[in-house]
Amino acid sequence: MAMAPFKLFVPVAALLLASASHAGLVGKSFDASYRYPDSSTIYTDATASPSTFTVGSAVETIFDVEGVTQISVDFSDAALTLVLTTTLTAPTWNSATFNGPVFDLVLGGPLDIVSAAVDSSTTMAGFDASRVSFNAGRIGIDWNGLSYGDGTKVVVLFTSAIPEPSSWALAALAGFALLGVRRSARCRAERPPPSAAG
């Protein structure tokens, strides 16, 4: 009879762990496009190859902007790293309502991002979290008016609303420990008190 809560807990924990495996960005598929002069206009002098990708363990796509600037795009489960290479000397992105790459979710959604922060390894002066936009289906990077050089890097860290699988595993482990303590207490409570020998 003491095993009934344990039998119920195992399937519930397994279900929670399975649903948590979809947290983060790995495995999600995106369409990549460059937008300028606003976030709804695709800039035709910039292409991404491949234009559709699934987030994995390496660079997912590379943008070619006007044949003079390339942008490598590398997503991880909770970050986006963009590295710019250019043949130009001290270029500046044109000022506009929006100027930068956009990633539209096509599979594996919705995005559960609740916040974005710029990592200290970012080398684009003036780039901050206000230049990162996101919703359930899109991530946008707006660097309009900012300067860059060969090797400039932008790293954005995302916080997800869904806990990481390791958090679920830790919660499950705590649950197992709690059940063990409870069972031990119940067994002690059911034992008859020792008789007084005299």
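Let us look at the structure shown here. Since we're looking at a predicted model, the values are computed, not measured.

1. Let's talk about the sheet that holds strand β11 (residues 153–160)
Across the sheet, which stays open at both edges, the six strands sit in the order β2-β4-β5-β6-β11-β8 with antiparallel pairing between neighbours. The open sheet has two free edges, formed respectively by β2 (46–49) and β8 (113–118), since each of these has just one partner strand. For this sheet, the mean inter-axis angle between neighbouring strands, taken without regard to orientation, is 20°. Pairing of strand β6 (residues 79–86) with β11, which is carried by five bridges, proceeds in the antiparallel orientation. Following the sheet pairing, L80 is matched in β11 by V156.

2. Some points on unusual backbone geometry
For residues other than glycine, phi is negative in most cases, and the peptide bonds are mostly trans. In this model, S49 is joined to P50 through a cis peptide bond whose omega is -5°. By the element assignment, P50 lies in the loop between β2 and β3 (52–54). Cis geometry is found at the peptide bond from G109 to P110, where omega equals 0°. The residue P110 is located in the loop between β7 (100–107) and β8 in this model. One non-glycine residue, E66, lies in the positive phi region at around 55°. One can find E66 in the loop between β4 (61–65) and β5 (69–75). When its relative accessible area of 49% is taken as the criterion, E66 is described as partly exposed.

3. Some details on the layout of surface pockets
Considered as a void within the structure, the largest pocket measures approximately 200 Å³ in volume. Lining the largest pocket are 14 residues; nearest its centre among them are V65, E66, T92, W93 and N94. Residue classes in the lining of the largest pocket are distributed as nine nonpolar, four polar and one charged.

4. Looking at the environment of G24
One can find G24 in the loop between α1 (4–20) and β1 (29–35). Classification of G24 as buried rests on a relative accessible area of 11%. In sequence terms G24 and G109 are 85 residues apart; their C-alpha atoms lie 10.0 Å from each other. Those residues in contact with G24 that lie beyond four places of it in its chain are D77 and S160.

5. Focus: the side chain of T61
With respect to the element layout, T61 can be found in strand β4. From its side chain, T61 meets the backbone oxygen of S49 in a polar contact 3.2 Å long. Reaching out from T61, the side chain makes a polar contact with the backbone oxygen of P50 at a distance of 2.6 Å. Discounting chain neighbours no more than four positions away, the residues touching T61 are A32, A48, S49, P50, F53, I71, S72 and V73.

6. As for the sheet that holds β7
Spatially, the five strands line up as an open sheet ordered β3-β1-β7-β10-β9, and their pairing is antiparallel. In the strand order of this sheet, the two ends are held by β3 and β9 (132–134), each with one partner. Neighbour-to-neighbour, the strand axes of this sheet turn through a mean angle of 20°, independent of strand direction. Here β9 runs beside strand β10 (residues 138–141); their pairing, made up of three bridges, is antiparallel. Residue pairing for β10: F134 is matched across the bridge by I139.

7. A few points about the environment of L157
Its location among the elements puts L157 in strand β11. Exposure remark for L157: the relative accessible area of 34% places this residue in the partly exposed category. Once the C-alpha coordinates of L157 and D119 are considered, the two residues, 38 residues apart in sequence, prove to be 6.4 Å apart. Not counting the four nearest positions on each side in its chain, L157 is found in contact with A78, A79, S115, A116, A117 and D119.

Analysis parameters
- Numbers given to residues run from 1 along each chain, matching the order in which its sequence is written.
- Under the rules for a predicted model, residues below a pLDDT of 70 receive no local features and side-chain atom pairs below 80 are neither given nor counted, while totals for whole chains, interfaces and linings still include all residues.
- The side-chain quantities take in all heavy atoms of the structure and omit both hydrogens and water.
- Whether two strands pair depends on DSSP finding at least two bridges between them.
- The helix count covers DSSP runs of H or I at least four residues long, the strand count covers runs of E at least two residues long, and both are numbered beginning at the N terminus.
- Note on definitions: angles span 0 to 180 degrees between N-to-C directions of axes, and those axes are lines fitted to C-alpha atoms, for helices only across the stretch in contact.
- Between buried and exposed lies partly exposed: a residue is buried under 20% and exposed over 50% of the maximum accessible area for its type, with that area taken using a 1.4 Å probe on protein chains only.
- Both cavities and pockets are sets of points on a 1 Å grid over the protein atoms alone; in a cavity a 1.4 Å probe fits but cannot get out, in a pocket the set is open with protein on both sides within 12 Å along at least five of seven lines, and lining residues sit with an atom within 4 Å of a point.
- Grid points are joined across faces, edges and corners, and a volume is the space filled by probe spheres set on the points.
- Amino acids are sorted into nonpolar (Ala, Val, Leu, Ile, Met, Phe, Trp, Tyr, Cys and Pro), charged (Asp, Glu, Lys and Arg) and polar (every other residue, Gly among them).
- Any two residues having at least one pair of non-hydrogen atoms within 4.5 Å are treated as being in contact.
- Polar contact is the term for a pair of N or O atoms within 3.5 Å; when the atoms are in protein, one must be able to donate a hydrogen and the other to accept it, and sequence-neighboring residues count only if both atoms are side-chain atoms.

Nothing here speaks to function; it is all geometry.
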